[in-house]
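Notes for the structure review
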Amino acid sequence: MKTYKKRFSKHIDELKWLYMELYDDEESFKQLCSRMETFYRERDSLLKKSDASREADPSWYKRNDLLGMMLYIEQFAGNINGVRSRLDYFSKCNVNYIHLMPFLDTTPGKSDGGYAVKDFRKVQEKLGTMEDLRKLTTECHEKKISVCMDFVMNHTSEDHEWARRARAGEKEYMDRYFFFDSWDIPARYEATVPQVFPTTAPGNFTWLEDAKHHVMTSFYPYQWDLNYKNPVVFNEMMFNFLFLANQGIDVMRIDAVPYIWKELGTQCRNLRQVHTIVRMMRMIGEIVCPGILLLGEVVMEPSKVVPYFGTVEKPECHMLYNVTTMATTWHTVATRDVRLLKRQLDIVNALPKDYVFLNYLRCHDDIGWGLDYPSLREEGIDEVCHKRYLNDYFRGYTGFSNSRGELYNEDLASGDARFCGTTASMCGIERAACEGNSQMMEKAVRMDQMLHAYMLVQSGIPVIYSGDEAAQLNDYTYKEDPQKAPDSRYLHRGAFDWSVLEKLDDPESVQGQVFSMLDKLEKIRKSDPVFNNDADVWTIETWEKEVLSIGRYYHGEKLVGVFNFSEHDKTAWINEDDGMYTDLITGREMKACGVDIPAYGFFWLRKNA
Ligand code: GLC
């Protein structure tokens, strides 16, 4: 208990201050503290050991040896035990961090891919049990694999016990949500709050005919927003968080975090109180289970994302998604113009190196075109027209595109829409395979490899979306399942096809070409100190708008990455005239000056010793 007391006394003053500021409720605070201690006592001794070693080495997640993969348990291996039987595959993929997409109890057909949780302490029956989860995390830890899960704290499923009791009219439970018996207040919210799913779930409220009340539902009508103005909600959700941490979870992805505090007359996004809550969560974690990391899901523009890191003295999230960079990457693919991406990378590279971003090309969600429109406007590019172009481009309609995919939540009123598809399909592999066009295939594979090489050259934690390592294509079968058909995000949530395994080692196959390139890049990234997170990273002017160049420098080691985003051979007019370089992929020696680069080619040029 000595360790606990020490951690507790380090944070208690600030924790209490913030708690009182929000809730002014001594009794609830006492309850929070006493339960925190209980969760600490219940925490497994192996986890406590890992907490201690991570506390002693707080930068453990900031090196260049972490590589993530995010996956749906069912789509990947049927159930939790299936995942456990496939741990070798992660080693084969150089992966030592797995994000298990939502697996807690939910109602089929009303699950939002698992993001509508019915019971925070129960695993979906078809996937297994808490016991299975503990076995999986234990075995992962033995193999030095960290495990991430989603903590969906903004809302519960309408089938959660609290929701059922609220619906039945129990005041105590109604107070855990936002219930209104008339449209007066909801109407005032609707005047200022934007919509998350304008097509599939319009509006921010749902009328409950049986309960004769409106309930706030920012996402789907079956996802009821929790009211964090109620200290019971905060406390109970923190207990759920600690319970899950005690199952051996290393990284908690806090879902939809900007939305968790609501205030009339605002957009109900990124409010000051959200930061208070995340800061309290960080401290609660540091007291009870300091080995765990908070990963914030903040799908917003950079100026809104960065505050979620908090400050050096008062940190909030350990890691955040590099979402604008991801969207800008695909914009660059469609425009063959790297200028916006260069500007975006300059913004990220100028941030303190303590800020750890999760880099990715694709994830389970759609791509919302959150770009730097003020900059684009200076070039005469209009937001609505540009989004239309991107969506047309990635559906393969225009711009010499071979991409395949579908729209998501098209808003006919505003002309807005988001996009779904896998990396391979968006690169043209699907179309080339369909048409049996080998030339098209060659370019598509090169683009896929180049995009991964570019993603892996950035600082932060790279995360591969399961299937991308094997060039998995869009899966159109979701349309046959009435529960999935209305949500086109299932297009890129197809089942992993294990028969692909044999192809991965076949250099002739498309899958093998993508897999072996990723393997090579990942191994270099893990072993070469120039990829250290503390390296200086900057972009280099190439005087060729289709070609991006990124420099890395760490303790005398230097690397220059060059990436051609066009289907034409180009020359990067860089002038790093400081000696000979070796391309880490081909072993070719060259100068980093006036580099000729083939269509969709790339180099990782390492300065010779
Ligand atoms: C997050 C998830 C998304 C889900 C939403 C609601 O944004 O990534 O898939 O629909 O939260 O929970």
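Residues numbered from 1 in each chain as written. Predicted model: local features only at pLDDT ≥ 70, side-chain atom pairs only at ≥ 80, totals over all residues. Heavy atoms only, no water.

1. Here we look at the sheet that holds strand β8 (residues 205–208)
The strand order across the open sheet built from three strands is β7-β9-β8, with neighbouring strands paired in antiparallel fashion. Looking along the sheet, the strands with just one partner apiece sit at the ends: β7 (179–180) and β8. By the bridge criterion, two bridges tie β7 to strand β9 (residues 213–216) in an arrangement that is antiparallel. Bridged to Phe179 within β9 is Val215. (Pairing = 2+ DSSP bridges. Helix = DSSP H or I, 4+ residues; strand = E, 2+ residues; numbered from the N terminus.)

2. Things to note about the nonpolar core
If you look at soluble globular proteins, the nonpolar side chains tend to sit buried side by side. Counting residues in hydrophobic clusters, the biggest one holds 196 residues, and the most contacted among them are Tyr228, Trp330, Phe563 and Trp604. For this core, the leading source of residues is helix α20 (residues 438–457), giving twelve residues. Core analysis: the next-biggest nonpolar cluster, separate from the first, contains 13 residues, Ile540, Met590, Val595 and Phe603 among them. (Core = buried A, V, L, I, M, F, W, Y, C linked by side-chain atoms within 4.5 Å. Buried < 20%, exposed > 50% of the residue type's maximum accessible area, 1.4 Å probe, protein only.)

3. What to know about the site of the ligand
Neighbouring the ligand are the residues Asp112, Tyr115, His155, Phe197, Phe219, Gln223, Arg253, Asp255, Glu297, His364, Asp365 and Arg489. The contact in question runs from an oxygen atom of the ligand to an N or O atom on the side chain of His364, over 2.8 Å. Considered on its own, the ligand offers 310 Å² of accessible surface; in the complex 94% of this is hidden by protein. (Near = heavy atom within 4 Å. Polar contact = N/O pair within 3.5 Å; in protein donor to acceptor, adjacent residues only side chain to side chain. Areas by Shrake-Rupley, 256 points an atom, 1.4 Å probe, with all protein chains shown as cover.)

4. Here's the deal with the packing of helix α14 (residues 323–335) against α20
A pair of packed helices is captured by two measures, namely the crossing angle of their axes and the spacing between those axes. At a minimum axis distance of 12 Å, the contact between α14 and α20 shows a crossing angle of 145°. In this structure, the crossing between α14 and α20 has a hand that is right-handed. Judged by residue contacts, Thr325, Thr329, Trp330 and Val333 of α14 engage Met447, Leu451 and Tyr454 from α20. Classifying every residue of the contact of α14 with α20 by side-chain character gives five nonpolar, two polar and no charged. (Axes fitted to C-alpha atoms, helices over the stretch in contact; angles between N-to-C directions. Left-handed = near helix turned anticlockwise from the far one by under 90°. Contact = heavy atoms within 4.5 Å. Nonpolar A, V, L, I, M, F, W, Y, C, P; charged D, E, K, R; others polar.)

5. As for the domain arrangement of the protein chain
How big an interface is tends to be expressed through the accessible area that disappears when the partners come together. Split by domain assignment, the protein chain resolves into domain 1 (1–152 + 230–321), domain 2 (155–225), domain 3 (323–533) and domain 4 (534–607). Put simply, the middle of domain 1 and the middle of domain 3, counted by C-alpha atoms, are 27 Å apart. Counting residues at the interface gives 43 residues for domain 1, matched by 45 residues for domain 3. A buried area of about 3,800 Å², summed over both sides, lies between domain 1 and domain 3, and 58% of it is on carbon and sulfur atoms. Broken down residue by residue, the surface that domain 1 buries against domain 3 is led by Asn64, Met70 and Tyr321, which jointly contribute 18%. (Domains from an automatic or database assignment. Buried area = accessible area lost by both parts, 1.4 Å probe.)

6. Examining the pairing of strand β12 (residues 293–296)
In β12, alternate side chains face the same way, and those of Leu293 and Leu295 on one face and Leu294 and Gly296 on the other are all buried. In this sheet, β12 lies alongside strand β11 (residues 251–254) in parallel orientation, the contact comprising four bridges. Bridged to Ile254 within β12 is Gly296. Remark: the β11/helix α12 (residues 272–288)/β12 crossover connection has right-handed handedness. The pairing of β12 with strand β13 (residues 319–321) spans two bridges and is parallel. Within β13, the position partnered with Gly296 by the bridge is Leu320. (Right-handed = clockwise from strand over helix to strand, strands pointing away.)

7. Comments concerning unusual backbone geometry
Positive phi, normally seen in glycine, also occurs at Asp112, with a value near 45°. Checked against the element boundaries, Asp112 lands in the loop between β3 (104–105) and β4 (119–123). Its identity is not glycine, yet Trp543 carries a phi of approximately 55°, on the positive side. One can find Trp543 in the loop between β18 (536–540) and β19 (547–554).

8. Observations concerning empty space enclosed by the protein
Summed over all chains, the structure comprises seven cavities of 30 Å³ or more. Taken as a whole, the largest cavity encloses approximately 130 Å³ of empty space. Around the largest cavity, the lining comprises 18 residues; the ones closest to its centre are Tyr465, Ser466, Gln472, His492 and Gly494. For the lining of the largest cavity, the secondary structure elements donating two or more residues are β1 (68–71) and α4 (73–77). Two domains each donate at least three residues to the lining of the largest cavity, and these are domain 1 (1–152 + 230–321) and domain 3 (323–533). Considered as a void within the structure, the second largest cavity measures approximately 80 Å³ in volume. Lining the second largest cavity are 14 residues, and of these Pro302, Asn322, Gln344, Val348 and Phe357 sit closest to its centre. Secondary-structure elements contributing two or more residues to the lining of the second largest cavity are α13 (302–305), α14 and α15 (339–349). Taken together, the residues of the lining of the second largest cavity break down into ten nonpolar, four polar and no charged. Three or more residues apiece are contributed to the lining of the second largest cavity by two domains, here domain 1 (1–152 + 230–321) and domain 3 (323–533). (1 Å grid on protein atoms, 1.4 Å probe; cavity = no way out; pocket = protein on both sides within 12 Å on 5 of 7 lines; lining within 4 Å. Points joined across faces, edges and corners; volume = space filled by probe spheres on them.)

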